[in-house]
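These are the residues of each chain, in order.
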Amino acid sequence: MRLMNLIKKCLYSLKIIIFLGSISSVINAAENDLASAYLCIDSEVILPSKNLEEKVNLSRQLMANTTLLITDGKLLFFRQLFRNKGLFFSPVTDNKSDQFKVLTFKNLNVAVSIKNGDQVKNERYLCEYNSELTTLIKDFSDNWPSRLIR
């Protein structure tokens, strides 16, 4: 009788563990498909300031140079639409020129490499998650890229 109760308790615990494990994997899968918004600034713009006037001017400069980034893991918008190619994002529209553009987004850093012939130009941006813009983008659902490209 005791052995039977012990087996029932073990089976019940196992069912709970399996159920909780499947819930967390479903939550993670859903979060990966949701678009998130970030505000990015060129990393070379950030300069130390000493007085209030310098801080105000720096704030204006930061606001003027902020770029919106939105990604759902598959698509990424940063001035234009990019598609995830595994290790990097590349432009969705393929142009016929010899210009090659690669964008990577990892750990709140954006690196843009543009190769035109033999010249390579690299840009680096620092990004910060923005909850208000993310909420707004989530209202667009899966249609968010078309709202940005018009």
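Not measured: the values here are computed from a predicted model. (Residues numbered from 1 in each chain as written. Predicted model: local features only at pLDDT ≥ 70, side-chain atom pairs only at ≥ 80, totals over all residues. Heavy atoms only, no water.)

**Examining the nonpolar core**
In step 1: The biggest cluster of nonpolar side chains holds 14 residues, and the ones touching the most others in it are Cys40, Leu69, Leu76, Phe78, Leu103, Phe105 and Val110.
In step 2: Elements that contribute at least two residues to this core include exactly strand S1 (36–42), strand S6 (99–106), strand S7 (109–116) and strand S8 (119–129).
In step 3: Top contributing element to this core by residue count: S7, with three residues.
In step 4: Dropping the residues within four chain positions of it, leucine 103 is found in contact with Leu76, Phe78, Phe82, Phe88, Phe89, Val110, Ala111 and Val112.
In step 5: Judged by nonpolar contacts, the second largest core, of seven residues, contains Ala37, Ile70, Phe77 and Ile137. (Core = buried A, V, L, I, M, F, W, Y, C linked by side-chain atoms within 4.5 Å. Buried < 20%, exposed > 50% of the residue type's maximum accessible area, 1.4 Å probe, protein only. Helix = DSSP H or I, 4+ residues; strand = E, 2+ residues; numbered from the N terminus. Contact = heavy atoms within 4.5 Å.)

**Examining the confidence of the model for the protein**
Low-pLDDT portions of the prediction should not be read for the details of their coordinates.
In step 1: Per-residue confidence for the protein averages 76 on the pLDDT scale, and 67% of its residues sit at or above 70.
In step 2: Segment residues 24–31: pLDDT under 50, and zero contacts once partners within four positions in sequence are set aside and those in other chains are kept. (pLDDT = per-residue confidence, 0-100.)

**With respect to the pairing of S6**
In step 1: Direction of pairing for S6 relative to S7: antiparallel, over a ladder of eight bridges. Bridge pairing in S7 places threonine 104 opposite alanine 111.
In step 2: Taking the residues between adjacent antiparallel strands as the criterion, S6 and S7 are bridged by two residues, where asparagine 107 takes a positive phi near 55°. (Pairing = 2+ DSSP bridges.)

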